[in-house]
Structures are given as structure tokens and as C-alpha cells.
Amino acid sequence: MFQIQTNSSGSRHLTITEQQLATIEKYALFRDLIDSHGIINESVLDKLKLNVRSLMESDTECTDLLDLCREVLFHDNMKAFGLQQLVTLYVNWIQTQRELEIQED
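(A) Structural view of the packing of aromatic side chains. If you walk through the whole model with that rule in mind, you get 2 aromatic pairs. Taken together, a centroid distance of 5.3 Å and an interplanar angle of 85 degrees make the contact between F30 and Y90 edge-to-face. One end of the pair, F30, is in the loop between helix 1 (18-26) and helix 2 (42-58); the other, Y90, is in helix 4 (residues 80-104), with 60 residues separating them in the sequence. For the pair shown, F30 and Y90 are each scored as buried. Connected via pairs of aromatic rings, a cluster forms that spans F30, Y90 and W93.

In C-alpha cells, the structure reads:
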């Protein structure tokens with residue numbers, strides 16, 4: 001389990017599980033999400049939410065995606081700052097997963 005800070009003052013946090021990170025990877029939720037300027041703002045968060053809603057409408061059996069939405073993406077504390085922290089956590093998690101795969105080979 002991981003914790004991310006969801007506001008700049010540090011008073012709000014969300015707990016993120018490895019399963020939730022794996023769900024982000026499974027559905028490639030962050031692929032092509034961020035524009036070339038690399039700034040994550042509320043419009044990027046809105047774009048992610050719209051993409052997720054579209055995925056859920058096309059695949060009604062995606063309980064893992066539903067759980068991710070309920071517990072993280074659509075949580076009241078999730079704002080642009082929190083999404084930036086989530087993306088950073090995800091990138092670090094992916095890097096760690098790749099390093100572990102290399103060590104196993």
C-alpha cells in the first residue's frame with residue numbers, strides 16, 4: 001500500500017494499493033493523458049474521468065475499474081495535485097516492476 005498527498009498543504013491523503021496501480025496499467029489510463037507541456041491541472045483530471053466513464057460504458061464487467069473510480073479517481077479528495085502525485089507514484093511503481101522482472105530473468 002502507498003499513500004499519496006492530494007492537496008498542497010498536506011492535510012489530505014489517499015491510500016493506493018498495488019491492485020489499483022495494476023488497474024491503471026491494465027487500462028492504460030495515463031497513456032496520452034498529459035499534453036506535451038506536462039502540466040496536470042483540473043482539465044486533465046476531467047479528461048481522465050471522461051475516459052474512464054467511456055471505458056466503463058463499453059465494458060460493464062470491469063469491477064476493478066469501478067473500484068479504482070470509487071476509491072481513487074472520483075474520490076472527493078482527488079484534485080489535480082493528487083493526480084500529479086498518483087502519476088508520479090505510478091511511474092515509480094512501473095519502474096520498480098520492470099527492475100524486478102529483470103532481476104528474475
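That covers the picture; the talk isn't over yet.
(B) How the structure looks around the state of the cysteines. Applying the stated criterion across every chain, the model contains 0 disulfides. The thiol of C62 is not disulfide-bonded; the next cysteine sulfur, from C69, is found 7.9 Å away. Judged by its relative accessible area of 4%, C69 is buried.

(C) Inspection of the packing of helix 1 against helix 4 at higher detail. The contact between helix 1 and helix 4 brings their axes to 11 Å, and the two run at 90 degrees. Relative to helix 4, helix 1 is oriented roughly perpendicular. Contact residues: E18, L21, A22, I24 and E25 in helix 1; L86, L89, Y90, W93, I94 and Q97 in helix 4.

(D) Focus on the pattern of salt bridges. A full pass over the atoms with the stated rule returns 3 salt bridges. R70 is the partner of D67 in a salt bridge, and the nearest nitrogen-oxygen pair spans 3.1 Å. Pair noted here: D67 and R70 are both in helix 3 (residues 63-73), with a separation of 3 residues, about one helical turn. When its relative accessible area of 31% is taken as the criterion, D67 is described as partly exposed. With a closest N to O distance of 3.3 Å, R70 and E71 form a salt bridge. With a relative accessible area of 36%, E71 lands in the partly exposed category. Three or more residues are tied together by salt bridges with common partners; here these are D67, R70 and E71.

Quick notes on the rules
Residues numbered from 1 in each chain as written. Predicted model: local features only at pLDDT ≥ 70, side-chain atom pairs only at ≥ 80, totals over all residues. Heavy atoms only, no water. Phe/Tyr/Trp six-rings, centres within 6.5 Å; stacked < 30°, edge-to-face > 60°. Helix = DSSP H or I, 4+ residues; strand = E, 2+ residues; numbered from the N terminus. Buried < 20%, exposed > 50% of the residue type's maximum accessible area, 1.4 Å probe, protein only. Disulfide = S-S within 2.5 Å. Axes fitted to C-alpha atoms, helices over the stretch in contact; angles between N-to-C directions. Parallel < 35°, antiparallel > 145°, perpendicular 65-115°, else oblique. Contact = heavy atoms within 4.5 Å. Salt bridge = Lys/Arg side-chain N within 4 Å of Asp/Glu carboxyl O.

Bear in mind that shape data such as this cannot, by itself, settle questions of function.
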